[in-house]
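# Geometric and topological summary
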Amino acid sequence: GEDVEQSLFLSVREGDSSVINCTYTDSSSTYLYWYKQEPGAGLQLLTYIFSNMDMKQDQRLTVLLNKKDKHLSLRIADTQTGDSAIYFCAETSGSARQLTFGSGTQLTVLP
Amino acid sequence: DVKVTQSSRYLVKRTGEKVFLECVQDMDHENMFWYRQDPGLGLRLIYFSYDVKMKEKGDIPEGYSVSREKKERFSLILESASTNQTSMYLCASKPWQAMPADTEAFFGQGTRLTVV
């Protein structure tokens, strides 16, 4: 089946930028997503990017997509303690209804 | 606001019991999903449904079944619970994917199931 991979852990200092990376294998992926899961909660959509885009910016969040390398990244500028959470990369292809998720990256923001 | 509600936050069941996990959404979404979440493995799709009485197997359907008798409700059934089914279970719903704006899946809070 299709695969989405992420590193499991990332630690950054408050105020620094965080970059969370993701690679995927499905060349027919049409939408790629970043979800955030805070402790004890479900997943919340942060942002998504359509496969014909290479960048999307939304306030402190920047998503970069390298379709050739099948690499997606999420940059969080000025990272705050409230950004500590698990971040999931996910993808779907146009014909599929379901999302395929990565393992999640636990972001820890140090004071 | 879209709401996806899972009936229990925490559940403890004995090995061999039949377990029902319930999920209700209030946005008339066609698609509903059950995932399990385990550390280091991310979310793995168990089953999904794209319409009433329709269901499709996900990546790890063994040991599970589902029921969708009404559009708003999607139930996950563990026929005979086993300790390796101890996990966090997440339900999600999503509208029919017609437009780019309709791509968001909405998640419930999760049910942490412990099988002893």
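### A word on the confidence of the model for chain A
Of all residues in chain A, 95% have pLDDT values of 70 or greater, and the mean over the chain is 90. The least confident element of chain A is strand β4 (residues 29–37) of chain A, whose mean pLDDT is 89; the most confident is strand β2 (residues 9–13) of chain A, at 97.

### Quick look at the sheet that holds strand β7 (residues 64–70) of chain B
Residues and elements named next belong to chain B. An order of β1-β3-β8-β7 is seen for the four strands of this open sheet, with the pairing classed as antiparallel. Of all strands in the sheet, those with a lone pairing partner are β1 (4–6) and β7, marking the two edges. Sheet twist, expressed as the average angle between the axes of neighbouring strands with direction ignored, equals 20°. As paired strands, β1 and strand β3 (residues 19–25) are joined by three bridges and run antiparallel to one another. Bridged to Gln6 within β3 is Cys23.

### Focus: the sheet that holds strand β1 (residues 4–6) of chain A
All names here are of chain A. Overall, antiparallel pairing links the five strands, which are arranged β1-β3-β8-β7-β6 in an open sheet. Among the strands making up the open sheet, the edge pair consists of β1 and β6 (55–58). Strand-to-strand twist in this sheet, taken as the mean axis angle between neighbours without regard to direction, amounts to 15°. With three bridges joining them, β1 and strand β3 (residues 18–24) adopt antiparallel strand pairing. Each residue of the ladder has a partner; that of Val4, found in β3, is Tyr24.

Conventions used here
- Position numbers for residues start from 1 in each chain and track the written sequence from start to end.
- Written order determines the labels here, with chains lettered from A and ligands numbered from 1.
- Owing to the predicted nature of the model, reporting of local features is limited to residues with pLDDT of at least 70; listing and counting of side-chain atom pairs is limited to 80 or more, with chain, interface and lining totals taken over all residues.
- Excluded from the side-chain calculations are hydrogens and water; all other atoms, namely the structure's heavy atoms, are used.
- What pLDDT conveys is the predictor's confidence in a given residue, as a value from 0 to 100.
- Runs of H or I in DSSP of at least four residues are treated as helices and runs of E of at least two as strands, each being numbered from the N terminus.
- DSSP-based pairing: two strands are paired if at least 2 bridges between them are found.
- For helices, the fitted axis covers only the stretch in contact; all axes are lines through C-alpha atoms, and the angles between them, taken along N-to-C directions, range from 0 to 180 degrees.

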